[in-house]
Amino acid sequence: MTMIVIENVDIFDGLSPEIMENHHVVIEQGRIKEISHREVRLPGASVISGQGKTLMPGLIDAHYHACLVQVSGYDLATIPPSLLYPAATNLLEASLRRGFTSVRDAGGADFGLAEATRTGIINGPRIFCSGRPLTQTGGHGDMRSRSHTEPCLCASHQGHMVAVVDGEDEIRKAVREEFRKGAHQIKIMLNGGISSETDPVWLCQFTDAEIRAAVDEANRRRSYVMAHVYQDRQIRKAVDLGIRTIEHGNFLTLDTAHYMTDKDVFLVPTLVTYKALRDKGRRFGFTDEQFRKLDEVSGAGLQSLENAVAAGIKTGFGTDLIGEMHVHQTEEFLIRKEVQSSFEILRSATSVNAEILNKTGELGVVAEGALADLLLVNGNPLEDISLLAGDSHNLSMVMKNGEIIS
Ligand code: ZN
Ligand code: ZN
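Residues numbered from 1 in each chain as written. Chains lettered and ligands numbered in written order. Predicted model: local features only at pLDDT ≥ 70, side-chain atom pairs only at ≥ 80, totals over all residues. Heavy atoms only, no water.

## Thoughts on the domain arrangement of the protein
Split by domain assignment, the protein resolves into domain 1 (4-57 + 364-404) and domain 2 (59-329). Taking only C-alpha atoms, the centre of domain 1 and the centre of domain 2 are 32 Å apart. Of the residues lining the interface, 15 residues belong to domain 1; the matching set on domain 2 comes to twelve residues. It is Asp373, Val398 and Lys400 that lose the most area in domain 1 upon contact with domain 2, and together they represent 44% of the buried surface on that side. Residue Arg98 is joined to Asp391 by a salt bridge in which the shortest nitrogen-to-oxygen separation is 3.2 Å. Counting the contacts that link domain 1 with domain 2 gives five residue pairs in polar contact (both at pLDDT 80 or more). For the side of domain 1 that touches domain 2, the secondary-structure elements that each account for two or more residues are β5 (53-57) and β16 (395-400). With four residues, the single largest contributor to the side of domain 1 that touches domain 2 is β16. Looking at the side of domain 1 that touches domain 2, its residues break down into eight nonpolar, four polar and three charged. (Domains from an automatic or database assignment. Contact = heavy atoms within 4.5 Å. Buried area = accessible area lost by both parts, 1.4 Å probe. Salt bridge = Lys/Arg side-chain N within 4 Å of Asp/Glu carboxyl O. Polar contact = N/O pair within 3.5 Å; in protein donor to acceptor, adjacent residues only side chain to side chain. Helix = DSSP H or I, 4+ residues; strand = E, 2+ residues; numbered from the N terminus. Nonpolar A, V, L, I, M, F, W, Y, C, P; charged D, E, K, R; others polar.)

Here is the structure:
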């Protein structure tokens, strides 16, 4: 593997609001070997000029769904895997071009898909997968319609995409099964959701004992549980029962936000999905009832982020998009600007998300020894975060694992 030197570049390291001006960065064997304010001369190295550009860590999306694809004529209950995975490949490749070098898949993607991007079969981000998310019967992941009756083993179970489980024993078995199959973390559904037909958003799903069983099994694996949850009361319960990352969290109050900070629990808001669903939900077959749920949830989103910021919660960066809505992925940067500084948003999408992935120091930073997942931005994103928005026209380089992708 050739050595690469990026010369005369300003650096945002993912941790500090101060830009390191005019530095020289050496990349070798997939890692950052050296960062120096002195010029570096290395015979045989390929040299990239960083003049007028900012080098920053590759972006991380901590709430992503590679497998929530959209293929005309199919829904997620009927699409065969052989059609699903090529569509997922397209989503992943586009996200990498947008600068997302890692994603935490919040349900659907498995170890095989993660391997496909790790080995370069797919030119996509590193995937930290959850395997099948766990949902109770009639929960947010249970996509069977009201008219569906058992026994039936048809595809609407999405056997490869979601695990419908009830009771501690089934939960333990499902968590063990997902880890056996290579999941990095476990995803669990603790409230109703917008896209599911049969459950109201306010429904608190799973009993305390069931949630505790999932957390216990994940902890035994030295991993953790991420939870889909909206309601303030259910967020507090999730924190008490050992959930490590709260996904969405739209009805988070300031009081509970302080509680999360005290307990060192992460929040991963996903605000752009509500905007994208409003724009494109009809084409995705959303019903009036689903739009009503969307209104209920999306109105509270920015306030919860404001509460999180005020309480000092470690806040990650997620998008939670479906199918063609992924083109809106970078709009999350713009939506958050109303509440967070550019530095805080960028830190969320880099070093905070790396901490969520348990990859502190390896990902989400520009530092000696870190993996060379890097972006070269035309201009300074700390001054103008919109440089990262749109479809990557301000990225002059996307590098993953020391290799230039685009
Ligand atoms: Zn969710
Ligand atoms: Zn999700």
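## A closer look at the coordination of the zinc ion (ligand 1)
Each protein donor to the zinc ion (ligand 1) is listed here as His228 (ND1) and His248 (NE2); together their distances run 2.0 to 2.1 Å. When its relative accessible area of 2% is taken as the criterion, His228 is described as buried. (Donors = N, O, S within 2.8 Å, 3.2 Å for Na, K, Ca; no water. Buried < 20%, exposed > 50% of the residue type's maximum accessible area, 1.4 Å probe, protein only.)

## Some thoughts on the environment of Met226
Among the structural elements, Met226 can be located in strand β12 (residues 225-229). Excluding residues within four positions of it along the chain, Met226 makes contact with Ala62, His63, Arg104, Ala106, Ser130, Gln185, Ile186, Lys187, Ile188, Thr245 and Glu247.

## With respect to the pattern of salt bridges
Going through the model one piece at a time under the given rule, you end up with 29 salt bridges. Of the charged contacts, one joins Glu217 and Arg172 as a salt bridge, the two residues approaching to 2.8 Å between their closest N and O atoms. Taken together, the residues span a long stretch of sequence, with Glu217 in helix α4 (residues 208-220) and Arg172 in helix α3 (residues 168-180) at a distance of 45 residues. By relative accessible area, Glu217 is classed as buried at 5%. Given the relative accessible area of 21%, Arg172 is considered partly exposed. The residue Asp279 makes a salt bridge to Lys275 at a minimum N-O spacing of 3.6 Å.

## Some thoughts on the sheet that holds strand β7 (residues 100-105)
Strand order in the open sheet formed by three strands is β6-β7-β8, and the pairing between neighbours is parallel. At either margin of the open sheet sits one strand with a lone partner, and together these are β6 (59-64) and β8 (126-128). The average undirected angle you get between the axes of adjacent strands in this sheet is 20°. Bridge count between β6 and β7: four bridges; the pairing is parallel. Within β7, the residue paired with Ile60 across the bridge is Ser102. Across the face of the sheet, helix α1 (residues 81-97) comes into contact with β6, β7 and β8 while running at roughly 135° to β7. Docked against the sheet, helix α11 (residues 342-356) engages β6 and β7, running at close to 55° with respect to β6. (Pairing = 2+ DSSP bridges. Axes fitted to C-alpha atoms, helices over the stretch in contact; angles between N-to-C directions.)

## Quick word on helix α9 (residues 301-311)
Considered for burial, the residues of α9 that qualify are Gly301, Ser304, Leu305, Asn307, Ala308 and Ala311. Take α9 and look down its axis: the buried residues cluster within an arc of 160°, on one side only. On its buried side, α9 packs onto α6 (254-262), β14 (266-268), α8 (288-298) and α10 (331-336). Positive backbone phi, at 75°, marks Gly312, one or two positions downstream of α9. (Arc of directions from axis to C-beta.)

## Quick look at the environment of His23
Residue position: His23 is located in strand β2 (residues 20-28). Taking relative accessible area as the criterion, His23 reaches 14% and is therefore assigned buried. Sequence-wise, His23 and Ile35 are twelve residues apart; in three dimensions their C-alpha atoms are separated by 6.8 Å.

## With respect to the packing of aromatic side chains
The full count for this structure, using the stated rule, is four aromatic pairs. With a centroid separation of 6.0 Å and 70° between ring planes, the pair formed by Phe286 and Phe291 is classed as edge-to-face. With relative accessibility at 6%, the residue Phe286 sits in the buried group. An aromatic cluster is built from Phe100, Phe317 and Phe333, whose rings are joined through pairwise contacts. Between Arg236 and the ring centre of Tyr259, over which it is positioned, the NZ or CZ distance is 4.5 Å. (Phe/Tyr/Trp six-rings, centres within 6.5 Å; stacked < 30°, edge-to-face > 60°. Lys NZ or Arg CZ within 6 Å of the ring centre and 35° of its normal.)

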